Amino acid sequence: MKGYSRITGTGSCLPPHRVSNEALAAQLARDGVETSDAWIVERTGIRARHFAAAEVVSSDLALVAARAALEAADCDAASIDLIIVATSTPDMIFPSTACIVQNKLGVHGCAAFDVQAVCSGFVYALTVADSMIRTGAASKALVIGSEVFSRILDFKDRTTCVLFGDGAGAVVLEASDRPGILATELRADGRHANILCTPGTVAAGKVLGHPWLRMDGPAVFKLAVTVLEDAARSVLAKADRTEADIDWLIPHQANIRIMQSTARKLKLAPERLIVTVDEHGNTSAASIPLALDESVRSGKVKPGDTVLLEGVGGGFTWGAVLLDF
């Protein structure tokens, strides 16, 4: 009986337009906003990010990542019986981006829906897919994180607009007779909804509220370093593993200081921390699968390695997945 799920393929997509800190600083200066490469790197570790062209939407990036994951898994799209897209920047209010991706893949009939947990979205989506496979509700899932955060950035606010980028990452998750995903943990605390949010909505043909991303950076940092350690220790305990069993830590790529703090608390050597935030920026729900795919394709993450994925984001949401690759 196939009572487990395993990742059998990974894929990703970055828009071709790479924006360095220097280029972004020059753009912002034209609008009277002052920043610099040194200022951004010191506070975040980010050196560049990718922005999608105006006509490109989340489903476009998701489609490229999905096809790459399917190819890596040697899997035909028609065999997929579950599609979950984690995104905070969907193509439209409805239908879901997952349904749009399903159509673009040329498949029909399987379950398809979005998960919205902001930067924790991929961890949430992967956990849902794992649960559905374990219960027999699905046997082969396509799990995608895709974002075009450049659309919700206020480029007059240097504390947020320098942080985010666009991209997508995907995995194929299949039923297996041997453990792949070992343990998961999902948490949320809505009391902190206001520290990271885009508090706008559409009503009566108008945008009500604030249409741009807002963040209380110090508050997010303080919460993140605490909850990420707790989530990591929870999944390790559930799987009867220890920090010494972790080969690779792939956290949400938001801020190098948060990532390094988590690694230190778990007593992981710096070289065991996967870092892509320097080139990708914060791609929200796409950041973990993007980093995973890059690590797999570069030869860092190999079959048999134990990998810890964790994310934290607006909501306030957080979670972790421990898996054998």
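Caption draft 1: Here's a closer look at helix 8 (residues 256–265). Within the span of helix 8, buried status applies to Ile-256, Ile-258, Met-259, Ser-261, Thr-262 and Ala-263. For helix 8, the elements touching its buried residues are helix 2 (37–44), helix 7 (217–238), strand 13 (248–251), helix 9 (277–280) and strand 14 (306–313). Once helix 8 ends, the next one or two residues include Lys-267, with phi positive near 60°.

Caption draft 2: Examining the sheet that holds strand 8 (residues 181–188) more closely. One open sheet accounts for four strands, arranged 8-15-14-13; its pairing is mixed. In this open sheet, the two strands that pair with only one neighbour each are strand 8 and strand 13. Between one strand axis and the next, the sheet turns by 10° as a mean value, whatever way the strands run. Of the pairings in the sheet, the one linking strand 14 to strand 15 (residues 317–324) comprises eight bridges and is antiparallel in character. Each residue of the ladder has a partner; that of Leu-309, found in strand 15, is Val-321. Along the sheet face, helix 7 touches strand 8, strand 14 and strand 15 and points at about 145° away from the line of strand 14.

Caption draft 3: Main features of the packing of helix 7 against helix 8. For the pair helix 7 and helix 8, interaxial distance at closest approach is 10 Å and the crossing angle is 35°. Remark: the crossing between helix 7 and helix 8 carries right-handed chirality. Mapping the contact onto sequence places Phe-221, Ala-224, Val-225, Leu-228, Glu-229 and Arg-233 in helix 7 and Arg-257, Ile-258, Ser-261, Thr-262 and Lys-265 in helix 8. Split by residue class, the contact of helix 7 with helix 8 holds five nonpolar, two polar and four charged.

Caption draft 4: Structural view of the nonpolar core. Val-162, Leu-308, Val-312 and Phe-316 are the most contacted members of the largest nonpolar core, which has 48 residues in total. In terms of residue count, the dominant contributor to this core is helix 7 (ten residues). Those residues within four positions of Leu-308 in sequence are excluded, and the remaining contacts are Ala-232, Val-235, Ile-246, Trp-248, Leu-249, Ile-250, Leu-266, Ala-320, Val-321 and Leu-322. Counting residues in each nonpolar core, the second largest holds 32 residues, with Val-123, Ala-141, Trp-248 and Leu-323 among its members.

Caption draft 5: How the structure looks around the sheet that holds strand 7 (residues 166–176). Taken together, the five strands give an open sheet; going across it, the order is 1-7-6-4-5, and neighbouring strands pair in mixed fashion. Both outer strands of the open sheet, strand 1 (4–13) and strand 5 (111–115), are each paired with one neighbouring strand and no more. In this sheet, adjacent strand axes meet at a mean angle of 20° when their direction is disregarded. Bridging between strand 4 (residues 82–86) and strand 6 (residues 140–148) involves five bridges; their strand directions are parallel. For Leu-82, the partnering residue across the bridge sits in strand 6 and is Ala-141. The sheet strands contacting helix 10 (residues 287–297) are strand 1, strand 6 and strand 7, and the helix crosses strand 1 at an angle near 90°.

The rules we used
Residues numbered from 1 in each chain as written. Predicted model: local features only at pLDDT ≥ 70, side-chain atom pairs only at ≥ 80, totals over all residues. Heavy atoms only, no water. Buried < 20%, exposed > 50% of the residue type's maximum accessible area, 1.4 Å probe, protein only. Helix = DSSP H or I, 4+ residues; strand = E, 2+ residues; numbered from the N terminus. Contact = heavy atoms within 4.5 Å. Pairing = 2+ DSSP bridges. Axes fitted to C-alpha atoms, helices over the stretch in contact; angles between N-to-C directions. Left-handed = near helix turned anticlockwise from the far one by under 90°. Nonpolar A, V, L, I, M, F, W, Y, C, P; charged D, E, K, R; others polar. Core = buried A, V, L, I, M, F, W, Y, C linked by side-chain atoms within 4.5 Å.

The analysis is restricted to geometry; functional conclusions fall outside its scope.
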